[in-house]
2 protein chains.
Amino acid sequence: MATGSRVIRPRTSIWLSERKAPKRKAEQQPAGLDHVKIVAATVRLLDAEGLAGFSMRRLAAELEVTAMSVYWYVETKDQLLELALDAAMGEMSLPAGSLGPVEGYEHLETGARDWRDQLRQIASEYRRLLVVHPWLSPLMGEYMNIGPNAMVFSTAVQRVVRDSGLPASQVPGALALVFQFVYGFSTIEGRFAARSRAVGMSQDELFAETMAAIEGRPEFDESRALMEARCGGTVQEMRERDFTFALDCAIAGIEALRDGGDGED
Amino acid sequence: MATGSRVIRPRTSIWLSERKAPKRKAEQQPAGLDHVKIVAATVRLLDAEGLAGFSMRRLAAELEVTAMSVYWYVETKDQLLELALDAAMGEMSLPAGSLGPVEGYEHLETGARDWRDQLRQIASEYRRLLVVHPWLSPLMGEYMNIGPNAMVFSTAVQRVVRDSGLPASQVPGALALVFQFVYGFSTIEGRFAARSRAVGMSQDELFAETMAAIEGRPEFDESRALMEARCGGTVQEMRERDFTFALDCAIAGIEALRDGGDGED
DNA sequence: ACCTGAACACCGTTCAAGT
DNA sequence: ACCTGAACACCGTTCAAGT
């Protein structure tokens, strides 16, 4: 009762509609404003302050311009974030050949590398991206993430998983297993790294502090036992081990079901 | 330049500090306000309007109370969301025995069910929860999620994965593989379901519309081919297939590395 | 002990106006 | 064509005040 009915209108993606016209050419004002400059500043600000610290007004200040100027180039904050999301997606370096044969070099690309190596490379690039830009994780959930760079990535990912030899009907499931894992794992890793930066402690110090905080609480016994079973080392070493093992698991599972199961759809 | 330095203070979890005192017993006002009533209304509002539609002021209106009354029971909006998060975590029904032997019934619980069945049950409960409450996904990323119900869940999860027979040092990686996958998969599923509710279309209609929107864009050819290779059926049927296959993959991978690999840490 | 009202410092965005 | 300033409808939260 007394619901008030504020409408949250469902949004489509900027990539599925016409963009605000670029409208180059103009000699009048010494503006300096620019589509790419705005997106670059957005990424910089998001890296520095996080998603919660980002606002159109802060961005305008960063660009040394009034609060509303950026609205001439961009329709809404959501559109701008979608642009920043796709821009960041472009930072991954994908395995050669994952975009298909390059003209004149087809003879070099044929089965040049194992699909498992390529999968590991893409996974580790994806992980690196999500750790470097922790604000990406929530944005990927919020928007459709189908910008040009996202499409290049997703095409590469699909190629690699298809090269596993799995029947086409099973490719989406395998793909989801691998990349949803990487997404979740890296999201947590990125958040922990950001938090350690924010409080000015090393990740190992922060980890030790957290461990101390749950000392003596029986609900946490099981978790602590699990941590200790990882046999120490630094936080980073534990993470590398877990990530590698999980990926190995996924790959082994794909191979097992491909070779053993009644796989012909 | 002109950074403005708004400080985003790093938060700890409500579960690691003292809660606002319950302070029962009071006969004066016909208040009606209550910790559990507030959390229940919060969950209801989040279900109805989503995370973006939730605000302390809307919640107060729902409770037919002034905007600031709820602050007597709860310190900040973040704390309240953390409480709602853990309350929702309590909605999962975990496999019997996952909490350890029950006094007097130990003889029934020993190896009563296969770890694979239990893993599938927990995974599917986790998935159901994230689809029913799409606002949970971002909250799980934002807070530490170590409330009492979260701990029960996480303990159950760890037990089951440990029962796979994997050496302790490999349990965390396997655990991450399975549950990060379920998290990511279900987050997308939940968002799609919420979106379909918001625009008043069935999921199949929305899916068809999206397919139509990318018709003729060559960047999407690969994705569309992948979709079609899933051999139709409803959106729900495709999802069931993908989810089941991915989980089978993970389980097969765990068994393969347990039995085949040089697994003795 | 519990609830209210006014106020503060923020938001995203609209709109009329400037050059 | 590009940028500004004032304004609107929201936020979360503080604080002094009521009963």
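Here, every reference points to the structure presented above.
Before going into details, it helps to say that this report is about the structure given with it. (Residues numbered from 1 in each chain as written. Chains lettered and ligands numbered in written order. Predicted model: local features only at pLDDT ≥ 70, side-chain atom pairs only at ≥ 80, totals over all residues.)

**Looking at the relation of the copies chain A and chain B**
Superposing chain A onto chain B takes a rotation of 180 degrees combined with a translation of 0.0 Å along the rotation axis, leaving an RMSD of 0.0 Å. Here the copies are linked by what is in effect a two-fold axis. Residues of chain A ranked by C-alpha distance from the rotation axis are headed by glycine 253 of chain A, positioned 1.8 Å from it. Of the interface residues in chain A, 100% have counterparts in chain B that sit at the interface too, so the contact is made through matching surfaces. (Least-squares fit on C-alpha atoms with pLDDT ≥ 70 in both. Contact = placed C-beta atoms within 7 Å.)

**Some words on the interface of chain A and chain B**
The interface of chain A with chain B comprises 61 residues on the first partner and 62 residues on the second. Looking at the side of chain A that touches chain B, the elements that each hand over two or more residues are α2 (56–62), α6 (136–142), α7 (148–162), α8 (171–199), α10 (221–229) and α11 (235–259) of chain A. Counting residues per element, the side of chain A that touches chain B draws most heavily on α8 of chain A, at 16 residues. Broken down by class, the residue content of the side of chain A that touches chain B amounts to 32 nonpolar, 16 polar and 13 charged. (Helix = DSSP H or I, 4+ residues; strand = E, 2+ residues; numbered from the N terminus. Nonpolar A, V, L, I, M, F, W, Y, C, P; charged D, E, K, R; others polar.)

**As for unusual backbone geometry**
Backbone geometry places asparagine 145 of chain A, a non-glycine residue, at a positive phi of 55 degrees. Mapped onto the fold, asparagine 145 of chain A is located in the loop between α6 and α7. At glutamate 64 of chain B, a residue that is not glycine, the phi angle is positive and equals roughly 55 degrees. Mapped onto the secondary structure, glutamate 64 of chain B falls in the loop between α2 (56–62) and α3 (77–89).

**Observations regarding the nonpolar core**
In globular proteins that are soluble, nonpolar side chains generally tend to be buried together. Ala250 of chain A together with Ala250 of chain B are the most contacted members of the largest nonpolar core, which has 119 residues in total. Alanine 250 of chain A has contacts with Leu177, Val178 and Phe181 of chain A together with Leu177, Cys249, Ala250 and Gly253 of chain B, leaving out every residue within four places of it along the chain. (Core = buried A, V, L, I, M, F, W, Y, C linked by C-beta atoms within 7 Å. Buried ≥ 20, exposed ≤ 12 C-beta atoms within 10 Å, placed from the backbone.)

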